[in-house]
Amino acid sequence: QGKAQGQGTVHFFDPTLAEAAQQRARLEAALRHALQQGQLLLHYQPQIRGSQPTGAEALVRWQHPERGLIPPAEFIPLAEACGLIVPLGQWVLEQACAVLAQWRQDPVLEALTLSVNVSAHQVQQPGFVLHLKQLLERSDCNPHRLKLELTESAFIGDEQTAIRAMTALRALGIRFSLDDFGTGYSSLRHLKRLPLDQIKIDQSFVRDLLDDPDDAAITQVITQLARNFGMEVMAEGVELPAQRSFLERLGCHAFQGYLFARPQPLPAFVAFCRQQLAAALPRGAPLAPGA
Ligand code: C2E
Ligand code: MG
Ligand code: MG
Ligand code: MG
């Protein structure tokens, strides 16, 4: 408060607002520093189809030297607001492509997909398609294994820009998923127009699925709609076997949630997949190196 009063230009504002602004500026500087200093890292959460892992979603975390591991909900909104999401998102894509390039060399991991969250600001960037194209070439990953998760916010405002970018990237083999489906606006219009391969039912509908008939009804409608459009349906936030079987009965194809595994560091995810996929090999089939 005292500080704000000393700086002539600030004293018109509510001191709590000034403090909030200062705190935000500090956090922004710290996040910029974190990105430069390599304090960001990715965790990988398995995605399941049938009973097998088919890939992972890459989820960013901030390993803060004092505060420990900070979840994305505490810094992604800020990154979006101050524009840092663009370099941050580019960093995530670079990591993801490097991982896919590694997996490509491994007969057990080669078929796994990696889903990356891409923010609306990123997709709307003029250089987005070109940068990603260059990254794919540079990293030598298989574009067919890369999936980009967009939310409906990517289509607010300039829908055509997003669709053009998606169309160009799909021609390279990249797949698209509509994340958090059902929580955005005018969902049905989007489902009809967008070049999508998958939709993800938001975890808020999955959470109370078994107790709340409204959530069950919403989930059923989303699943039917997506299936009728020829898209894969994935449910996120699946924690209970009963949720999974309910969703399976509705026709949901794929699952992600604590029931299968939490987001985890890369080596743990790879170990999880090797174990699950090796267990599924027919007896006598040759084991992959390292399995
Ligand atoms: P999201 O893309 O919808 O990711 C799913 C979130 O649900 C993740 O939270 C995941 O840890 C959590 N989750 C998965 N299974 C369960 C479950 O069974 N129960 C519960 N309660 N939660 C579950 P996380 O990792 O905290 O990420 C939160 C959000 O942050 C993501 O939501 C995404 O919107 C954003 N985010 C994460 N990484 C990135 C990134 O690299 N770029 C951008 N732009 N956004 C990101
Ligand atoms: Mg996601
Ligand atoms: Mg989601
Ligand atoms: Mg979500």
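Residues numbered from 1 in each chain as written. Chains lettered and ligands numbered in written order. Predicted model: local features only at pLDDT ≥ 70, side-chain atom pairs only at ≥ 80, totals over all residues. Heavy atoms only, no water.

### Section: the side chain of E232
Here E232 is to be found in strand β8 (residues 232–236). A polar contact of 2.5 Å, which involves the side chain of E232, links it to the side chain of R49. With sequence-adjacent residues up to four places away left out, E232 is seen in contact with R49, K147, D197, Q198, I199, H253 and A254. (Helix = DSSP H or I, 4+ residues; strand = E, 2+ residues; numbered from the N terminus. Polar contact = N/O pair within 3.5 Å; in protein donor to acceptor, adjacent residues only side chain to side chain. Contact = heavy atoms within 4.5 Å.)

### So, the coordination of the magnesium ion (ligand 3)
Of the protein atoms, only D179 (OD), D180 (OD), E236 (OE) and E236 (OE) coordinate the magnesium ion (ligand 3), at distances of 2.1 to 2.5 Å. Spacing between the donor residues of the magnesium ion (ligand 3) along their common chain follows D-D-x55-E. Taken as a pair, the magnesium ion (ligand 3) and the magnesium ion (ligand 2) show a spacing of 3.8 Å, with D179 coordinating each metal. Looking at D179, the relative accessible area reads 6%, which means it is buried. (Donors = N, O, S within 2.8 Å, 3.2 Å for Na, K, Ca; no water. Buried < 20%, exposed > 50% of the residue type's maximum accessible area, 1.4 Å probe, protein only.)

### A word on the pattern of salt bridges
Applying the stated criterion across every chain yields a total of 12 salt bridges. The closest approach of N and O atoms between E28 and R32, which form a salt bridge, is 2.9 Å. Of this pair, E28 and R32 are both found in helix α2 (residues 15–37), four residues apart, which corresponds to roughly one turn of the helix. A relative accessible area of 22% means that E28 is categorised as partly exposed. Among the residues examined, R32 registers a relative accessible area of 36% and is labelled partly exposed. With a shortest N-O distance of 2.5 Å, R49 and E232 are connected by a salt bridge. Taken together, the residues R49 in strand β1 (residues 40–49) and E232 in strand β8 connect sequence positions 183 residues apart. Overall, R49 belongs to the partly exposed group, its relative accessible area being 38%. Among the ionic contacts, a cluster of salt bridges with common partners joins E57, E149, K200 and E236. (Salt bridge = Lys/Arg side-chain N within 4 Å of Asp/Glu carboxyl O.)

### Here we look at the coordination of the magnesium ion (ligand 4)
Within the protein, the magnesium ion (ligand 4) binds to D180 (OD) and E236 (OE); these donor distances fall in the range 2.4 to 2.7 Å. A spacing of 2.9 Å is found between the magnesium ion (ligand 4) and the magnesium ion (ligand 3), which share D180 as a donor. Within this pair, whereas D180 is found in strand β6 (residues 175–181), its partner E236 is found in strand β8, the two being separated by 56 residues in sequence.

### Details of the site of ligand 1
Neighbouring ligand 1 are 22 residues; R61, D179, Q203, E239 and Y258 lie closest to it. In this structure, Q45 approaches ligand 1 through a side-chain N or O atom, which is 3.0 Å from a nitrogen atom. Residue Q203 places a side-chain N or O atom 2.7 Å away from an oxygen atom belonging to ligand 1. For ligand 1, the accessible surface in isolation is 810 Å², of which the surrounding protein chains cover 83%. Taking a 2 Å distance to the grid points as the criterion, the majority of the atoms of ligand 1 fall inside the largest pocket. If you list the elements that add at least two residues to the shell around ligand 1, you get β2 (52–64), α4 (85–104) and β6. In terms of residues, the shell around ligand 1 owes the most to one element, β2, which gives four residues. Looking at the shell around ligand 1 residue by residue, the class counts come to nine nonpolar, six polar and seven charged. (Near = heavy atom within 4 Å. Areas by Shrake-Rupley, 256 points an atom, 1.4 Å probe, with all protein chains shown as cover. 1 Å grid on protein atoms, 1.4 Å probe; cavity = no way out; pocket = protein on both sides within 12 Å on 5 of 7 lines; lining within 4 Å. Sits in = over half its atoms within 2 Å of the grid points. Nonpolar A, V, L, I, M, F, W, Y, C, P; charged D, E, K, R; others polar.)

Keep in mind these values describe shape, not function.
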